[in-house]
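Tertiary structure, described
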Amino acid sequence: MNVLDLDVETASQQVLKNSSKCRGLYRGLHECVKAIEQGRAVCCFLAENCNDKAYTTLIEALCREHKIPLIKIPDNKKLGEMSGLCKYDKDGTARKVVSASCVAVRDIGEESSGWKYLSEQYR
């Protein structure tokens, strides 16, 4: 896929899928905060519809302080599905999707056009 054909959601999906394959993701507030503070996170994804204001403020401040790109995803259910917090049925449809308000990436896996797009947009 060409870098010009991507949008933020498609690029994020590629990056999270590749990272999930090589176990390069931190999911949830506690894991993400630890990864950001220890300098292990390469980038961070935050759901825009998170219902806790303190949660979003904390993640945004930590990312700003440690100069980590913060990418906002509109829906926390979609972020959970993209980061692998779901089961797939035999047709390939996601079932039992667990929402995720924050996901930090430690390892991007193989470099994809999605990663190139996000690194150009958020650096």
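I will try to describe carefully the structure that is included in this document. Everything numeric here is computed off the predicted structure, so don't read it as measured data. (Residues numbered from 1 in each chain as written. Predicted model: local features only at pLDDT ≥ 70, side-chain atom pairs only at ≥ 80, totals over all residues. Heavy atoms only, no water.)

1. Overview of the overall build of the protein
In plain terms, the rule: Helix and strand definitions here come from DSSP, where helices need a minimum of 4 consecutive H or I residues and strands a minimum of 2 consecutive E residues; each element is numbered from the N-terminal end. A radius of gyration in this sense is built from C-alpha atoms; the matching globule rule multiplies 2.2 Å by the number of residues raised to 0.38. Remark: exposure states derive from per-residue accessible area (1.4 Å probe, protein chains only) relative to the maximum for the residue type, with buried under 20%, exposed over 50%, and partly exposed in between.
A count of helical and extended segments in the protein gives five helices and six strands. The order of helices and strands in the protein, counted from the N terminus, is α-β-α-β-α-β-α-β-β-β-α. Here the C-alpha radius of gyration of the protein, 14 Å, is about what a compact globule of 123 residues would show, namely 14 Å. If one aligns the C-alpha atoms of the protein with their principal axes, the spans along those axes are about 40 × 30 × 25 Å. For the protein, with 123 residues in total, the buried portion stands at 42%.

2. Some thoughts on the sheet that holds strand β2 (residues 43-47)
For the record, the criterion: DSSP bridges decide pairing: two strands pair if at least two such bridges lie between them. Angular values range over 0 to 180 degrees, each being the angle between N-to-C directions of two axes fitted as lines to C-alpha atoms, with helices fitted over their stretch in contact. Residue contacts are counted whenever heavy atoms from the two residues lie within 4.5 Å of one another.
With respect to topology, four strands assemble into an open sheet ordered β1-β6-β2-β3, the strand pairing being mixed. The open sheet is flanked by β1 (25-27) and β3 (70-73), the only strands paired with a single partner. Averaged over neighbouring strand pairs, the angle between their axes works out to 20° when direction is ignored. Pairing geometry for β2 and β3, over four bridges, is parallel. When the sheet's bridge partners are listed, A47 is paired in β3 with I73. Strand contacts of helix α2 (residues 29-37): β1, β2 and β6 (102-105), with the helix running at about 130° to β1, the strand carrying the most contacts.

3. Examining helix α3 (residues 53-65)
To be explicit about the condition: Working rule for helices: expected span equals 1.5 Å times residues minus one. Think of it as the arc spanned by the lines of direction from the helix axis to the C-beta atoms.
Between its terminal C-alpha atoms α3 stretches 18 Å, which fits the 18 Å expected from 13 residues at 1.5 Å a residue. Along α3, the positions that sit buried rather than exposed are Y55, T56, I59, L62 and C63. All buried residues of α3 project into a common sector of 135° when viewed along the axis, lining one side. Residues of α3 that are exposed and point more than 90 degrees away from the buried face comprise K53, A54, R64 and E65. Next to the buried residues of α3 lie α2, β2, β3 and β6.

4. Concerning the pattern of salt bridges
Formally: Criterion for a salt bridge: a side-chain nitrogen of Lys or Arg within 4 Å of a carboxyl oxygen of Asp or Glu.
Applying the stated criterion to the full structure yields one salt bridge. With a shortest N-O distance of 2.5 Å, E60 and K72 are connected by a salt bridge. Pair noted here: E60 is in helix α3 and K72 is in strand β3, with a separation of 12 residues, a long-range link. You can call E60 partly exposed: its relative accessible area is 23%.

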